[in-house]
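Structural overview
Spelled out, the chains give:
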Amino acid sequence: MLDLAIIGGGPAGLTAGLYATRGGLENVVMYEKGMPGGAITQSSEVENYPGIKEVVSGMDLMASWPEQCMRFGLKHEMAEVVRVSRPEGLCFKVELSDGSVETAKSVIVCTGGTPRKAGFKGEEEFFGRGVSTCATCDGFFYRDKEVAVIGGGDTALEEALYLANICSKVYVVHRRDEFRAAPSTVKRARENGKIEFVTNVLVEEVYGDAMGVQGIRLKKKDSGEVIDLPVPGVFVFVGYDVNNRVLKQEDGSFLCDVNEYGEVVVDLQMRTSEQGLFAAGDIRIMAPKQVVCAAGDGANAAIGAIAYVEHLHRENLC
Ligand code: FAD
Ligand code: NAP
């Protein structure tokens, strides 16, 4: 039986692995369905990880993390976890996609989340080269420049307000006249002199060249009029899927509490409502969705897992 199973090998999972093994847990496996590194490996430019002065690619940033963890005994299994459950007693059951099953005394879930795609032409082609889903990550690259934000929900409007602090102008591009975002947020955006609303439009395409995005072409839904916005940055906020599937039980319930958006509810020590089960990184409530925060969560969760496993051993519970 494992002392600890870590699900996901992004910044949260890797840091959890580092702290758990270096902190004395001996039988720790990190299940990662792909190569370790996580979502940040899709980024070509990272300049906000503390201590790294240069602008580095996400691949380069993460390259040494697995080796550092393995040095202290973390085992990586390249496998997809399909479910974590607790059918009886204190042990967790970790089911893998190949049908095999492992048991663990504690579990840290670090499976992140996935921003939804809007589906317009050029979105994939220019992703990371002008098309972004993260204002905190990429907003600074457009300092004093004009950008477009796609979407009419809370995220789009809040991120537009964030970008307005950095950029010279922010176009909020939305397919309707009405907004899902809270009326107070819409009001704040309308009152912001740097934000211009372009509504009732469909995104035709984002265009550019080898250097990146040069603009976005929109079509008015009523008149068919084409609007061209020559912006170098396009931020897409059309929804977000939390990767919480591993916590879903056979009856459709979740193993621990999740909020209305599917984010795992944790306390300040990354403990979930289920004893011995922790969540860290982008999967948790109120996640800032940054590498440094995910790593901090991972460390925090591992410290909690060590204490929990020690308690089991002390009380002869496992
Ligand atoms: P993730 O990094 O998403 O890792 C989750 C891992 O779990 C993945 O590797 C996935 O394969 C694995 N997984 C999921 N489900 C399963 C399963 N069932 N079984 C096994 N494995 C599973 N942040 C910054 O701080 N600065 C930036 O400049 C920045 N730029 C970004 C640019 C881009 C293009 C993107 C996409 C993100 C960027 N971010 C940036 C955000 C940052 O990448 C995330 O906040 C961070 O990676 C979250 O870490 P995590 O460990 O919680 O999740
Ligand atoms: P969301 O509320 O689902 O909004 C997504 C927006 O994107 C909608 O305006 C939608 O348009 C638009 N959209 C969807 N698909 C599109 C496409 N293919 N092309 C163009 N536009 C598209 O998502 P969210 O903003 O990420 O918010 C998710 C949840 O988190 C919401 O419940 C939100 O309230 C919550 N949240 C809360 C806060 C807060 O309370 N401070 C902050 C952030 C998020 P339509 O409106 O026409 O469908």
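Residues numbered from 1 in each chain as written. Chains lettered and ligands numbered in written order. Predicted model: local features only at pLDDT ≥ 70, side-chain atom pairs only at ≥ 80, totals over all residues. Heavy atoms only, no water.

**Quick look at the environment of Val-101**
Relative to the helices and strands, Val-101 is located in strand 6 (residues 101-109). Of the residues examined, Val-101 reaches a relative accessible area of 47% and is grouped as partly exposed. Once residues lying within four places of it in the same chain are set aside, the contact partners of Val-101 are Lys-93, Val-94 and Glu-95. (Helix = DSSP H or I, 4+ residues; strand = E, 2+ residues; numbered from the N terminus. Buried < 20%, exposed > 50% of the residue type's maximum accessible area, 1.4 Å probe, protein only. Contact = heavy atoms within 4.5 Å.)

**Focus: the sheet that holds strand 9 (residues 146-150)**
Taking strand neighbours across the sheet as the criterion, the 5 strands line up as 8-15-9-10-11 in an open arrangement whose pairing is parallel. Edge strands, defined here as strands with exactly one partner in the open sheet, are strand 8 (131-132) and strand 11 (195-199). Relative to strand 15 (residues 233-236), strand 9 runs parallel, the two being bridged by 4 bridges. Bridged to Ile-150 within strand 15 is Val-236. (Pairing = 2+ DSSP bridges.)

**Brief notes about the packing of helix 5 (residues 154-164) against helix 6 (residues 183-191)**
The contact between helix 5 and helix 6 brings their axes to 10 Å, and the two run at 35°. Crossing of helix 5 against helix 6: the hand is left-handed. Two secondary-structure elements touch here, helix 5 through Asp-154, Leu-157, Glu-158 and Leu-161 and helix 6 through Thr-185, Val-186, Arg-188 and Ala-189. Looking at side-chain class alone, the contact of helix 5 with helix 6 contains 4 nonpolar, 1 polar and 3 charged residues. (Axes fitted to C-alpha atoms, helices over the stretch in contact; angles between N-to-C directions. Left-handed = near helix turned anticlockwise from the far one by under 90°. Nonpolar A, V, L, I, M, F, W, Y, C, P; charged D, E, K, R; others polar.)

**Structural notes on the packing of helix 1 (residues 11-22) against helix 7 (residues 291-314)**
Packing of helix 1 against helix 7 leaves a shortest axis separation of 7 Å and a crossing angle of 40°. Here helix 1 and helix 7 pass one another in a crossing that is right-handed. Residues Pro-11, Ala-12, Thr-15, Ala-16, Tyr-19 and Ala-20 of helix 1 touch helix 7, and the partners they reach there are Val-291, Ala-294, Ala-295, Gly-298, Ala-299, Ala-302, Ile-303 and Ile-306.

**Regarding the site of ligand 1**
Near ligand 1 lie 30 residues; those nearest to it are Glu-32, Ala-39, Asn-48, Val-81 and Val-291. Note that an oxygen atom of ligand 1 is positioned 3.3 Å from one of the backbone N or O atoms of Pro-11. At a separation of 2.8 Å, an oxygen atom of ligand 1 approaches a polar backbone atom of Val-291. Expressed as a share of its isolated accessible area of 990 Å², the protein-covered part of ligand 1 is 91%. (Near = heavy atom within 4 Å. Polar contact = N/O pair within 3.5 Å; in protein donor to acceptor, adjacent residues only side chain to side chain. Areas by Shrake-Rupley, 256 points an atom, 1.4 Å probe, with all protein chains shown as cover.)

**Some words on the domain arrangement of the protein chain**
By convention, interface size is frequently given as the accessible area that disappears when the constituent parts associate. Segmentation of the protein chain into domains returns domain 1 (2-114 + 240-314) and domain 2 (117-236). Between the C-alpha centres of domain 1 and domain 2 there is a distance of 32 Å. On the domain 2 side, the residues contacting the 6 residues of domain 1 number 8 residues. Looking only at domain 1, the three residues that lose the most surface to domain 2 are Glu-45, Glu-47 and Gln-290, adding up to 59% of its buried area. The interface formed by domain 1 and domain 2 holds 0 salt bridges in total. Counting the contacts that link domain 1 with domain 2 gives 1 residue pair in polar contact (both at pLDDT 80 or more). Within the side of domain 1 that touches domain 2, the residues separate by chemical class into no nonpolar, 4 polar and 2 charged. (Domains from an automatic or database assignment. Buried area = accessible area lost by both parts, 1.4 Å probe. Salt bridge = Lys/Arg side-chain N within 4 Å of Asp/Glu carboxyl O.)

**Quick word on the site of ligand 2**
Close to ligand 2 lie 15 residues; Ala-118, Asp-154, Glu-158, Arg-176 and Arg-180 are nearest. Between ligand 2 and Glu-158 there is a distance of 2.7 Å, counted from a nitrogen atom to a side-chain nitrogen or oxygen. Interatomic distance of 2.8 Å between a side-chain N/O atom of Arg-176 and an oxygen atom of ligand 2. Contact with the protein chains removes 69% of the 900 Å² of surface that ligand 2 exposes when unbound. No other element matches helix 5, which puts 3 residues into the shell around ligand 2.

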